[in-house]
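Breakdown of the fold
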Amino acid sequence: MIFLLLLFFPFLSSNASTTGVLRLSSHVPIVNELSISSNSQALNLDIAKGEVGTVIADVLETSNDPQGYSVQISSKNAGKLIHSNFAKRSIRYKLSYHHKKYFSPKSTLFSAKSISSLPQKLSTISSLRIKFAGAPTAISGNYEDVLTLSIISN
Amino acid sequence: MKKMIVASLILSAFSTMAATSGNLNLKGNVAAINEISVAAESDAQNLGISVGSSNLKVAVVTEKCNDRDGYDIMMSSLNAGKLVHSLDATKSTTYQLSYGAGAMASPTVTPTKIKSVASLSALTTVTSDVKISVTSAPNAIAGDYTDVVTFSIVAK
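Everything quoted here is computed from the prediction, not taken from an experiment. (Residues numbered from 1 in each chain as written. Chains lettered and ligands numbered in written order. Predicted model: local features only at pLDDT ≥ 70, side-chain atom pairs only at ≥ 80, totals over all residues.)

Looking only at helices and strands, chain A has one helix and 11 strands in total. Listing every helix and strand of chain A by position from the N terminus yields α-β-β-β-β-β-β-β-β-β-β-β. Across the 154 residues in chain A, those meeting the buried criterion constitute 21%. (Helix = DSSP H or I, 4+ residues; strand = E, 2+ residues; numbered from the N terminus. Buried ≥ 20, exposed ≤ 12 C-beta atoms within 10 Å, placed from the backbone.)

Below you can see the structure in the form of C-alpha cells.
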C-alpha cells in the first residue's frame, strides 16, 4: 500500500501546480515576389540605329528573407535578337540591371543583382536597360528574344 | 489491620480514575489547494504576425482553490509582451492579452495581478479564457516569433 502511494504521489504532484505556462508562437513565411512592368520600347527596339541604355522594363522585387535574395536573368536566345524567319540573322545585345555593369545574357541563369541581407520586408524597383550597336544593313523583319527574370532566396 | 490499609489504598486509587464525563479530542485537516493549469488552443502556435490578430482565443486556464480568503491570478511574460524573432531579438511585434472578463493588457516581465477573487465558501474550480490581440507587422522579416506567458495562482 505504501509502495503504491509512493508511485502515485509524483504523478499527482506534477499535475497540480500553482503555475501554468502558455507558449505563444508564430511563423512568417519567406516571401519572394517579382513582377515585370515592360516599357513600350521593349517591343519597339531600333535595330538599325541601335539602343544605348534604353530602359525596357521596371522590375518590382519584394522579399522578407533575412538572408537576402538574388535576381537572376536568362535569355531564350542567349543574348541575341533573332530574326523570326531567319534564325541565322541576329543582333547581339547586352543588359544592365539596377545600374550595374552591362553583361551578355545567356540561356542559363545569370545573377544580375544580389542582396546579402534584409532588415525587414522590402520592395524595390530596379530598371532593366539594353544596349546594342545599330545594324543599318539588317534584313527587314522582326528580331526577338525572351528574357526570364527570377528572384531566389540566398 | 493490614487488609484494611490495603483496601483503603486501592479505593483511593479508583476514586481518582472514575469521573462522570470525559473529553475526546477530534481533529481533521483540509489541505490548501491552489492549482492552475493552462490548456493552449492551436491558434497559440499559429498567430498572425503580418496581418495581426484581434481577440483571438489562445488558451483556457483552469483555476482551483479552497482558500476562504480567496486568491489572485498573476501573469508575466518572458519577452515583456512581445513576440520576438527566434534568430534576431531586435525583430519583434507587441501583443496584448485579456484574461477572463478582463480588459486587454500588455504583459510584463514582472508578475502582474490580472484577477482577484475576494473569498471562497468551498473548493471552487473556475475556467477563464485567454485572448490575444497582436499588432500587425506587414513588413516583418520571415521566421519564427515566440514568447512564453506564465500564469500563477496565489492564495491570499
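The next point concerns the overall build of chain B. Helix and strand counts for chain B stand at one helix and eight strands. Along the chain direction, N to C, the helices and strands of chain B fall in the order α-β-β-β-β-β-β-β-β. When each of the 156 residues of chain B is scored for burial, the buried share is 24%. Within chain B, contacts between residues separated by at least 24 positions form 80% of all contacts whose residues are at least 6 apart in sequence. (Contact = placed C-beta atoms within 7 Å.)

Contact with chain B, which involves 34 residues of that partner, is made by 23 residues of chain A. Elements with a contribution of two residues or more to the side of chain B that touches chain A: β1 (34–40), β2 (53–65) and β8 (143–155) of chain B. If you tally residues by element for the side of chain B that touches chain A, the top one is β8 of chain B, at 11 residues. Sheet topology note: the strand β1 (residues 19–28) of chain A/β8 of chain B ladder contains 10 bridges and is antiparallel. Paired with Val28 of chain A across the two strands is Gly143 of chain B, which belongs to β8 of chain B. (Pairing = 2+ DSSP bridges.)

Below, the discussion takes up the pairing of strand β4 (residues 69–75) of chain A. Along a regular strand, successive side chains alternate from one face of the sheet to the other. Residue and element names in this part refer to chain A. Side chains Tyr69, Val71, Ile73 and Ser75 project from β4 onto a buried face, and the interleaved Ser70, Gln72 and Ser74 project onto a face without burial. Strand direction decides the pairing type here: β4 and strand β8 (residues 110–115), joined by five bridges, are antiparallel. Looking at β8, one finds that Tyr69 is bridged to Ile115. Bridge count for β4 against strand β11 (residues 147–153) is seven bridges, and the pairing is antiparallel. Directly across from Ser74, in β11, lies its bridge partner Thr148.

Take the environment of Ser54 of chain B next. Residue and element names in this part refer to chain B. Along the polypeptide, Ser54 turns up in strand β2. Overall, Ser54 belongs to the exposed group, with 12 C-beta atoms counted inside 10 Å. Along the primary structure Ser54 and Ile132 are separated by 78 residues, whereas in three dimensions their C-alpha atoms are 6.5 Å apart.

Turning next to the sheet that holds β11 of chain A. All names here are of chain A. The three strands lie next to each other as β8-β4-β11, forming an open sheet whose pairing is antiparallel. On the outer flanks of this sheet lie β8 and β11, each paired with one strand and no other. Adjacent strand axes in the sheet meet at a mean angle of 20 degrees, parallel and antiparallel pairs treated alike. (Axes fitted to C-alpha atoms, helices over the stretch in contact; angles between N-to-C directions.)

With that settled, the discussion passes to the confidence of the model for chain B. Within chain B, residue pLDDT values average 90, and 89% of them lie at 70 or more. Both scores are available for the predicted complex, with the pTM at 0.77 and the ipTM at 0.82. (pLDDT = per-residue confidence, 0-100.)

Our next topic: the nonpolar core. The biggest cluster of nonpolar side chains holds 31 residues, and the ones touching the most others in it are Leu22 of chain A together with Ile49 and Phe151 of chain B. Broken down by secondary-structure element, the contributors of at least two residues to this core are β1 of chain A together with β1, β2, β3 (71–77), β5 (92–99), β7 (124–134) and β8 of chain B. The residues contacting Phe151 of chain B, other than those within four sequence positions of it, are Thr19, Gly20 and Leu22 of chain A together with Ile36, Val38, Val61, Ile73 and Met75 of chain B. With 17 residues, the next largest nonpolar core counts Val59, Ile91, Leu95 and Tyr97 of chain A among its residues. (Core = buried A, V, L, I, M, F, W, Y, C linked by C-beta atoms within 7 Å.)

Residue and element names in this part refer to chain A. Of all residues in chain A, 90% attain a pLDDT of 70 or more, and the chain-wide mean is 89. Looking at the elements of chain A, mean pLDDT is at its lowest for helix α1 (residues 2–15), recorded as 37, and at its highest for strand β7 (residues 94–97), recorded as 97. Here residues 1–14 scores under 50 on pLDDT; set against residues more than four positions off or in separate chains, the count is zero contacts.

All names here are of chain A. The strand order across the open sheet built from three strands is β6-β5-β10, with neighbouring strands paired in antiparallel fashion. One side of each edge strand has no neighbouring strand; the edge strands of this open sheet are β6 (90–92) and β10 (143–144). Bridge analysis of strand β5 (residues 80–83) against β6 gives three bridges, and the strand direction is antiparallel. Residue pairing for β6: Ile82 is matched across the bridge by Ser90.

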